[in-house]
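Here is how the chains run, residue by residue.
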Amino acid sequence: MPVVPVRADPPAGAGEAAQPPAASRPPRRRGRTALLIAGAAALGLVAGTCAGYLVQADREPTKLPPLSQPNLAQAKGDGPEPLSAARDHKVKTDGDLRKLLLKKPAGSKEPDWLASSGGWMDIAAYADDYTRPGDEFGILVNDEFRRAAVTGWEVGSTYRVTVRLVQFRQENSMAAADNSNNQQDWAEKDAGTDSWGIPGTGDGMAYVHTEPTTKAGYLPLYGAEAHAWRGDVAMEMWIYDSKPIDKKTIMDLAERQMERL
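The rules we used
- Residues numbered from 1 in each chain as written.
- Predicted model: local features only at pLDDT ≥ 70, side-chain atom pairs only at ≥ 80, totals over all residues.
- Heavy atoms only, no water.
- Pairing = 2+ DSSP bridges.
- Helix = DSSP H or I, 4+ residues; strand = E, 2+ residues; numbered from the N terminus.
- Contact = heavy atoms within 4.5 Å.
- Axes fitted to C-alpha atoms, helices over the stretch in contact; angles between N-to-C directions.
- Salt bridge = Lys/Arg side-chain N within 4 Å of Asp/Glu carboxyl O.
- Buried < 20%, exposed > 50% of the residue type's maximum accessible area, 1.4 Å probe, protein only.
- Phe/Tyr/Trp six-rings, centres within 6.5 Å; stacked < 30°, edge-to-face > 60°.
- Lys NZ or Arg CZ within 6 Å of the ring centre and 35° of its normal.
- Polar contact = N/O pair within 3.5 Å; in protein donor to acceptor, adjacent residues only side chain to side chain.

Turning our attention to the sheet that holds strand β6 (residues 221-230). The strand order across the open sheet formed by 7 strands is β1-β2-β3-β7-β6-β5-β4, and the pairing between neighbours is antiparallel. Two strands in the sheet have a free side with no partner beyond their single neighbour: β1 (120-121) and β4 (193-197). Bridge count for β1 against strand β2 (residues 145-155) is 2 bridges, and the pairing is antiparallel. Bridge assignment links W120 to a residue of β2, and that residue is A149. Lying on the sheet, helix α6 (residues 175-189) is in contact with β3 (159-168), β4, β5 (205-213), β6 and β7 (233-241); it crosses β6 at an angle near 155°.

This is the structure:
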């Protein structure tokens, strides 16, 4: 499984311009003229109010409209039909989230780690996939992490795909969107990265990292990833291979996965 960098919060006060201390000044006293003007204004207000009461007392009382109102005509028909389960996002995502994941392609095999997970990741397992799990665990608690469904497959000895649907309760914030934007920020930091918007997702993005990770004695490792969100679910996708990954591969998988949401 991919190891993701921990989210970095900006330091307190970052981006705020330093303000010079305010000069010490004695409070300004109100003069006698100001007090006289204020007193005159108060007397004028009292006099005007009294005059208004006298004028109103000499008038005939205004008749009020009757409390009963004519019945309003009701619109014909039973109103709009409720959304079907296929069109109602909440119905789909409140069920078995694993059913919304892409299916394993023919000819591929399931990774060993996936077989033991049952297709689910709890908050501890999800946080453990970051370089600083303890910090990430606290962030996920604050973000109201609900659950994560995961799938993946391997082709040959080098091509690997991981897809995760991460769901949040979102009672206090748009955590799914924040999660996706954070992942995008980290993806864009890698040198030699090309990116494209994922159609139909608003701000979803796909990335291809053209510069491989290298280590003596191992094949070069190329990567591609995609991040988007819909409702309370964030979609995360990674592809790794020993040869460069093209735009079509990551875009096709990302589009098909988001269509299932």
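This next bit is on the pattern of salt bridges. Pairs can form between side chains of opposite charge whenever their charged atoms are close. According to the stated counting rule, one finds 6 salt bridges in the structure shown. Between R132 and D135 there is a salt bridge whose closest N-O contact spans 2.5 Å. The exposure class assigned to D135 is partly exposed, which follows from its relative accessible area of 38%. E154 is the salt-bridge partner of R160, the closest N and O atoms lying 3.8 Å from each other. With a relative accessible area of 46%, R160 lands in the partly exposed category. By relative accessible area, which is 16% here, E154 ends up buried. Connected via shared salt-bridge partners are D129, R164 and E236.

Given two aromatic rings, one states the distance between the centres and the angle between the planes to describe the pair. Within the structure shown, the criterion is met by 3 aromatic pairs. Here a set of aromatic residues connected by ring pairs shows up, and it is made of Y126, Y130, F145 and F168. Over the ring of W186 we find K189; its NZ or CZ atom is 5.6 Å from the centre of that ring.

The residue E225 is located in strand β6 in this model. A distance of 2.7 Å separates polar atoms of two side chains, one belonging to E225 and the other to H209.

Another aspect to go through is the pairing of β3. On a regular strand, each side chain points to the face opposite its neighbour's, so the side chains alternate between the two faces of the sheet. The buried fraction of β3 is high, at 9 of 10 residues. Where β2 lies against β3, 10 bridges are found, and the strand directions are antiparallel. Opposite R147, over in β3, you have Q167 as the bridge partner. Counting the residues between successive antiparallel strands, the hairpin from β2 to β3 contains 3 residues, one of them, G156, with a positive phi of roughly 70°. With 8 bridges joining them, β3 and β7 adopt antiparallel strand pairing. Within β7, the position partnered with V163 by the bridge is M237.

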